[in-house]
Each structure stands twice: as structure tokens, then as C-alpha cells.
Amino acid sequence: GAVVSQHPSWVICKSGTSVKIECRSLDFQATTMFWYRQFPKQSLMLMATSNEGSKATYEQGVEKDKFLINHASLTLSTLTVTSAHPEDSSFYICSALGLASYNEQFFGPGTRLTVL
Amino acid sequence: GEDVEQSLFLSVREGDSSVINCTYTDSSSTYLYWYKQEPGAGLQLLTYIFSNMDMKQDQRLTVLLNKKDKHLSLRIADTQTGDSAIYFCAERDNFNKFYFGSGTKLNVKP
């Protein structure tokens, strides 16, 4: 089946630093990737939709200058949390829609970000 | 985003059937999905149903869709302790965005 990886799986950083999270589709090409944020015991909140070669579309209330998304190829999207603060600590999950399996959204395993 | 609602908890005994319910508001949903999330892990797709279908069965899983009432359910037959997890329903709109419910925590007692 289709596999989506995320790197790193967890990261701890100091307040004020920037953190980059990678999302890769390993065995398929993904025209669209999504970035979600999940707080403890809560649902996934869609942050942005990322299409290869174009600017990401952000959901209302999500700061585009704080959460920089780049989708440079059909297999890689990155999320950079800039000037991270403790309130940015969360579980970030990416997902990908494949060219072949358009009905399915494949999720990465998530990245746990802790900002001290 | 669209509203997708689920009950928060469900507890069943091993061997019984589990029914997890979900309601949504977007009448233009194209597909509806059920995902499973185990602690500390990402989401695993269980099954999905096209919005013009009313039922889909896949081994122990049965999905029922009442489009008129915007109600989706997931039935797990012969529930096992390994089925204990959080189950999310999600709807996909015409722009390929997915909106998730709050998740139902299923606890299976031996």
C-alpha cells in the first residue's frame, strides 16, 4: 500500500527557533498534501492544503508566515514552524492524495513537536 | 470548515458488535471515511463510502450512510481487544478537503 513518511518523528526545540518537518510519499506521487495539527485527545485540525508547484492554501486562522509550507516535488512537502513558541507544541500530521488512488488519503505517522 | 460530530466514548465487551455514529453537515460531501488511530500513531484508513451509496461491507466492518439525515455509522462485528482505539469519521468536500470529527474512543473489555 501507499506509504507516507514524516521526519523527524519527534523534536524538542527552544522557544524562538524554527523547525522543519518533512512529509514524503514513498511509493507514489502525491498531487496534493495536507497538513494537520492535533492537540491531545482532540481531532485533527486542517491547517493547509499543499499542491505541487503552487502556493499552499491556508485554513482560516492559520498564520501563513508562521507555518511555511513548501511542496517542491510530487513526493515531498515541508512544513516549517518559524519562531516556535510553547503554544505551537502539538502533533503535526501530513497526508497525501495519490495520483492513482485518488479516493484515498494516506497519512504519515505524525511528528511530535515540543517547544520549551 | 464543516461540522462533523461523533460521540466521545463507546465501551463494549469482546465479541460484541460496536456501532460508532457520526453526523455531518455538508450536503455536497463526495466521500465519507472512517479512520483508526492508536495511541501515539498516525491515522489508518479503515474504509470509505461514496456519497451515493448507502452501505458498504468489508470483512468485519459495515458502513451505513443515510444521506438524507447526514448520518454515517461504522459497525465492527465480533469486536476484539485489538480494536480498542480512537475512530474518526471524516467527510471530503468538492475541493478535496477533509474534515474530521472529534473521534470516538472505543474501549473493548475482555
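In this report, the structure presented in the accompanying data block is examined. (Residues numbered from 1 in each chain as written. Chains lettered and ligands numbered in written order. Predicted model: local features only at pLDDT ≥ 70, side-chain atom pairs only at ≥ 80, totals over all residues. Heavy atoms only, no water.)

A short note on the overall build of chain B
Looking only at helices and strands, chain B features 0 helices and 11 strands. Listed N to C, the secondary structure of chain B is β-β-β-β-β-β-β-β-β-β-β in terms of helices and strands. For chain B, the spread of C-alpha atoms along the principal axes amounts to about 40 × 30 × 20 Å. Across the 110 residues that make up chain B, the buried fraction comes to 47%. For chain B, the share of sequence-separated contacts (at least 6 apart) that also reach a separation of at least 24 residues comes to 55%. Working note: accessible area of chain B is about 5400 Å², and carbon and sulfur atoms make up 48% of it. (Helix = DSSP H or I, 4+ residues; strand = E, 2+ residues; numbered from the N terminus. Buried < 20%, exposed > 50% of the residue type's maximum accessible area, 1.4 Å probe, protein only. Contact = heavy atoms within 4.5 Å. Areas by Shrake-Rupley, 256 points an atom, 1.4 Å probe, with all protein chains shown as cover.)

Re the pattern of salt bridges
This structure, assessed with the given rule, holds 6 salt bridges over all chains. The salt bridge involving lysine 66 of chain A is made with aspartate 88 of chain A; its shortest N-O contact spans 2.9 Å. Separated by 22 residues along the polypeptide, lysine 66 of chain A in the loop between β6 (57-58) and β7 (67-73) and aspartate 88 of chain A in the loop between β8 (76-81) and β9 (90-98) bring together distant segments of the chain. No difference in accessibility class separates lysine 66 of chain A from aspartate 88 of chain A, as the two residues are buried. The residue arginine 60 of chain B makes a salt bridge to aspartate 83 of chain B at a minimum N-O spacing of 2.9 Å. With arginine 60 of chain B in the loop between β6 (55-58) and β7 (61-66) and aspartate 83 of chain B in the loop between β8 (71-76) and β9 (85-92), this residue pair connects regions lying 23 residues apart in the sequence. Given a relative accessible area of 32%, arginine 60 of chain B falls into the partly exposed group. (Salt bridge = Lys/Arg side-chain N within 4 Å of Asp/Glu carboxyl O.)

Here's the deal with the sheet that holds β8 of chain B
Sheet strands pair via backbone hydrogen bonds, and the direction of the pair is either parallel or antiparallel. All names here are of chain B. The 5 strands are arranged β1-β3-β8-β7-β6 in an open sheet whose pairing can be described as antiparallel. Strand pairing shows two members of the sheet lacking a second neighbour, β1 (4-6) and β6, which therefore form its edges. Adjacent strand axes in the sheet meet at a mean angle of 15 degrees, parallel and antiparallel pairs treated alike. Across 3 bridges, β1 lies against strand β3 (residues 18-24) in antiparallel orientation. Each bridged residue has a counterpart across the sheet, and for valine 4 the counterpart in β3 is tyrosine 24. (Pairing = 2+ DSSP bridges. Axes fitted to C-alpha atoms, helices over the stretch in contact; angles between N-to-C directions.)

With respect to the state of the cysteines
Residues and elements named next belong to chain A. Counting across every chain of the model gives 2 disulfides over all chains. With its sulfur 2.0 Å from that of its partner, cysteine 23 forms a disulfide with cysteine 94. Linking cysteine 23 and cysteine 94, the disulfide has an S-S dihedral of approximately 80 degrees and is accordingly described as right-handed. Here cysteine 94 lies in strand β9 and cysteine 23 lies in strand β3 (residues 19-25), a separation of 71 residues in the sequence. Residue cysteine 13 stays outside any disulfide, its sulfur separated by 18 Å from that of cysteine 94, the closest cysteine. By relative accessible area, which is 10% here, cysteine 13 ends up buried. (Disulfide = S-S within 2.5 Å.)

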